Protein chains: 2
Amino acid sequence: MSILVVGSVAFDSIETPQGRRDRCLGGAATYFALAASYFTNVRVIAVVGEDFTAEHEAVLTSHGVDTQGLEHTAGKSFHWTGSYMKSLNEAQTLKTDLNVFESFSPKVPAVYQDSDFLFLANIDPVLQSSVRRQMPNVRMVGGDTMNYWITGHRDNLAKVLTGLDALLINDGEAKLLAENSNLVLAARQILAMGPKVLVVKHGEYGATAFFGEQAFDGKTGGSRTPFRAPAWPLDRVVDPTGAGDSFAGGVFGYLASQPKVTLQTFKHAMFYGSVMGSFAVERFGTERMQALTREEIDQRFALFRELSHLD
Amino acid sequence: MSILVVGSVAFDSIETPQGRRDRCLGGAATYFALAASYFTNVRVIAVVGEDFTAEHEAVLTSHGVDTQGLEHTAGKSFHWTGSYMKSLNEAQTLKTDLNVFESFSPKVPAVYQDSDFLFLANIDPVLQSSVRRQMPNVRMVGGDTMNYWITGHRDNLAKVLTGLDALLINDGEAKLLAENSNLVLAARQILAMGPKVLVVKHGEYGATAFFGEQAFDGKTGGSRTPFRAPAWPLDRVVDPTGAGDSFAGGVFGYLASQPKVTLQTFKHAMFYGSVMGSFAVERFGTERMQALTREEIDQRFALFRELSHLD
């Protein structure tokens, strides 16, 4: 099955204790698309400027990503400058140049209408809603957001949440969104806002999925037990950028590769998400996401099982 | 099999967002002993003052804990005053009255010499070493420590580490002990200091065991894959005091209940440790540890499996 992602395709300038990179290919949609490309067909909607060359586009197309939805326009691409010198757990944004993203109005090409899955990466909730409306028949919708939209654009975000099957955010974002410092209570409140599943990412500690009553058409066997996927204990984190987007790409890529989304496939998807996140941080930018094999992915999946399973 | 624990039996005055308790029964050895008592025979070595009454001792003995090693002396018992008003993840110590603990010199009673397991709870490493020396024939030794001993008594602590099969500490302590901010590298360095297994406790995110080459007599099938046990996502944390000690009591209590310590039993022990930690925080002080059944424990163990296992 196919998955459509809308989000940023950008250039990142990154500084970490392991070194620095200037204007390397990045953006949530890029990481998501590359990660998901190891599992299924991926289509991307984003806007890029004149600095985005055929060589950059080939990074996506060489992984089978359909870039017909990539809008090329005059000006410069979105450029993010960040640092992890203070902490590997949280990016410090030094500069955000929206550039061509400032006037982005995403349009879903007709050839994308038959996409089975839709992922609304972290962008203005107004744009997320617009894309959601243009894809009324999609089977499953996932989404991401961040503190900026939670605090300053709550009403617009609330509209997005009502149309989501799954929301993927981190601990801090979940607690901020629910205004509750207890994660379980926060999850309960967020599930009441619309999403059928809430996935909370814990960085180096993995991620937990909380299931609403409507998850998997109510077919969870009556169980409301959350599900936790571990993260891989890494002896070297080169660049944390894109870990969460690669996680999301792994989750939805795997789901889209399965005949049916069930509680069981969702648990496996959580593990594949963690696997992709663990690879993403091993090198700068999208370097690792560009150079994987499905065999490596499945080998690490087996290690995740060994890491967390009793038998 | 039997397990001997040396550590504090104390009174705690605790303040949390859920309320406060003055001078309730506490101390690392108390939490450890109660948690382990659901699995095996437990013996305790500690010192208490005149304020420690027959009623307090009955809390331990009613759970089958052998208190022949409890030294009653003139003066007041160790008294800790702490607050979790700022954060449930870290206790803020308001006052530490060592009292009778100041001149404690633990002596292992002759009747305790046949103990199979020894746990050196968080006390002065000089006292930990003294007890370790008095128990030359014990089969397995576990230990705990804290920042205070790591920063100010490093040489004494180093001697303890060489005699440990397993060290159980939290993330911050592990990074401080190894002077390394990457947990995997820190674990490698700590395993080189003596312990065959290092268990790092992550609070609400569970715990990870790292295995040295000598763990389980080198019989880990050549695998150096760590093992992570989740923590239970709780919708209400009443009092975090003693969670780590209850975790340790669960780990070693379960190990001591098994015919042999293998990689397999250790993984199960990690889950039982997390189970006991998750119960401990549900009520103030040792209230929950006093009022459990083995059935409740095994029911939650099953939930932990559902929380973390794919199949």
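This one's a predicted model, so the numbers in the text were calculated from it and none came from an experiment.

*Asks:* Looking at this model, I keep getting lost on the environment of Ala158(B). Mind explaining?
*Replies:* Structurally, Ala158(B) can be placed in helix α5 (residues 154-162). Sequence separation between Ala158(B) and Phe101(B) is 57 residues; the distance between their C-alpha atoms is 22 Å.

*Asks:* Before we go on, may I ask you to explain helix α1 (residues 28-36) of chain A in this structure?
*Replies:* Residue pairs spaced three or four apart in an α-helix point in one direction, given the helix's 3.6 residues per turn. Of all nine residues in α1(A), nine are buried, a share of seventy percent or more. For α1(A), every residue scored as buried is listed here: Ala28(A), Ala29(A), Thr30(A), Tyr31(A), Phe32(A), Ala33(A), Leu34(A), Ala35(A) and Ala36(A).

*Asks:* What is the right way to read the pattern of salt bridges from this model?
*Replies:* For side chains bearing opposite charge, pairing can occur when the charged atoms are close. Residues and elements named next belong to chain B. A complete count under the given rule lists 25 salt bridges over all chains for this structure. Residues Arg21 and Glu287 are paired through a salt bridge, measuring 3.6 Å at the closest nitrogen-oxygen approach. In this pair, Arg21 is assigned in strand β3 (residues 19-26) and Glu287 in helix α10 (residues 287-290), connecting sequence segments 266 residues apart. Given the relative accessible area of 34%, Arg21 is considered partly exposed.

*Asks:* Before we go on, may I ask you to explain the interface of chain A and chain B in this structure?
*Replies:* By a widespread convention, an interface's size corresponds to the accessible area lost as its parts come together. Of the residues lining the interface, 35 residues belong to chain A; the matching set on chain B comes to 35 residues. Between chain A and chain B, roughly 3100 Å² of surface is buried when both sides are summed, and carbon and sulfur atoms account for 52% of that area. For chain A, the biggest contributors to the area lost against chain B are Tyr205(A), Arg228(A) and Leu310(A); these three give 27% of the whole. Our count for the chain A to chain B interface comes out at four salt bridges. Here Arg305(A) makes a salt bridge to Asp311(B), at a shortest N to O gap of 2.6 Å.

*Asks:* Is there a simple way to explain the nonpolar core in this structure?
*Replies:* If you look at soluble globular proteins, the nonpolar side chains tend to sit buried side by side. Grouped together as the largest cluster of nonpolar side chains are 68 residues, with contacts concentrated most on Phe252(A) and Phe266(A). With ten residues, helix α9 (residues 263-280) of chain A is the single largest residue contributor to this core. Look past the residues within four positions of Phe252(A) in its chain and what remains in contact with it is Ile3(A), Phe32(A), Phe117(A), Phe119(A), Met140(A), Gly142(A), Ala166(A) and Leu168(A). Core analysis: the second largest hydrophobic core is formed by 67 residues, Leu234(B), Ala256(B), Ala269(B) and Val281(B) among them.

*Asks:* What exactly am I supposed to notice about the packing of helix α3 (residues 125-134) of chain B against α5(B) here?
*Replies:* Working note: a packed helix pair is described by the angle between its axes plus the distance between those axes. Residue and element names in this part refer to chain B. Relative orientation of the contacting elements α3 and α5 amounts to 30°, with a least axis distance of 8 Å. Taken together, the axis directions place α3 and α5 in an arrangement best described as roughly parallel. In this structure, the crossing between α3 and α5 has a hand that is left-handed. Contact residues: Pro125, Val126, Gln128 and Ser129 in α3; Asn156, Leu157, Lys159 and Val160 in α5.

*Asks:* Can you walk me through the pairing of strand β4 (residues 41-48) of chain A in this structure?
*Replies:* For a regular strand, side chains alternate in direction, first toward one face of the sheet and then toward the other. All names here are of chain A. In terms of burial, β4 is largely enclosed, as seven of its eight residues are buried. When strand β1 (residues 2-6) meets β4, the two strands line up parallel, connected through five bridges. Within the sheet, the bridge partner assigned to Ser2 lies in β4 and is Asn41. As paired strands, β4 and strand β5 (residues 66-72) are joined by five bridges and run parallel to one another. Within β5, the residue paired with Arg43 across the bridge is Asp66. A crossover connection joins β4 to the parallel β5 through helix α2 (residues 54-61); in handedness this β-α-β unit is right-handed.

*Asks:* Would you take a moment to explain helix α9 (residues 263-280) of chain B for this structure?
*Replies:* Taking 1.5 Å per residue as the helical rise, α9(B) with its 18 residues ought to reach 26 Å, and the 26 Å between its terminal C-alpha atoms agrees with that figure. Judged by how many residues are buried, α9(B) sits mostly within the fold: 17 of 18 residues are covered.

*Asks:* So what exactly am I meant to see when it comes to unusual backbone geometry here?
*Replies:* Glycine aside, residues mostly have negative phi angles, and peptide bonds mostly take the trans form. A positive phi angle, near 50°, is found at Asn99(A), a position not held by glycine. Structurally, Asn99(A) is set in the loop between β7 (92-97) and β8 (117-120). Positioned with a positive phi, Glu179(B) is a non-glycine residue whose angle comes to about 50°. By the secondary structure assignment, Glu179(B) is in the loop between α6 (171-178) and α7 (183-191). On the accessibility criterion, Glu179(B) (66% relative accessible area) is exposed.

*Asks:* When you look at the side chain of Glu173(B) in this model, what are you seeing that I'm missing?
*Replies:* Among the secondary structure elements, Glu173(B) is positioned in helix α6. In this structure, Glu173(B) is buried with no salt-bridge partner, the nearest side chain bearing the opposite charge being Lys201(B) at 5.4 Å.

Thresholds applied
Here the residue numbering is sequential within each chain, running from 1 through the sequence in written order. Key to labels: chains lettered from A, ligands numbered from 1, both in the order written. Totals for whole chains, interfaces and linings use all residues, but because this is a predicted model, local features are given only for residues with pLDDT of at least 70 and pairs of side-chain atoms are given and counted only at 80 or more. Calculation of side-chain values draws on the structure's entire complement of heavy atoms; hydrogens and water are dropped beforehand. Strands are runs of DSSP state E lasting at least 2 residues, helices are runs of H or I lasting at least 4, and numbering of each runs from the N terminus. Think of it in three bands: residues with accessible area under 20% of the maximum for their type are buried, residues over 50% are exposed, and the middle band is partly exposed, with areas taken using a 1.4 Å probe on protein chains only. Salt bridges are defined by distance alone: a side-chain nitrogen of Lys or Arg within 4 Å of a carboxyl oxygen of Asp or Glu. Contact between two residues is taken to exist if any of their heavy atoms lie within 4.5 Å; hydrogens are not considered. Accessible-area loss on putting two parts together, using a 1.4 Å probe and summing over both, is the definition of buried area adopted here. Only buried residues count toward a nonpolar core, which is a set of Ala, Val, Leu, Ile, Met, Phe, Trp, Tyr and Cys residues joined through side-chain atoms within 4.5 Å. For helices, the fitted axis covers only the stretch in contact; all axes are lines through C-alpha atoms, and the angles between them, taken along N-to-C directions, range from 0 to 180 degrees. Should an angle fall under 35 degrees it is called roughly parallel, over 145 degrees roughly antiparallel, and 65 to 115 degrees roughly perpendicular, with every other angle called oblique. Each crossing gets its handedness from the near helix: less than a right angle anticlockwise from the far helix is left-handed, clockwise is right-handed. Strands pair, by our definition, only if DSSP identifies at least two bridges between them. Orient the strands so they point away from the viewer, and a crossover whose first-strand-to-second-strand path over the helix runs clockwise is right-handed. Take the residue count of a helix, subtract one, and multiply by 1.5 Å to get its expected span. Asp and Glu are treated as the negative residues and Lys and Arg as the positive ones, with His and the ends of the chain left uncounted.

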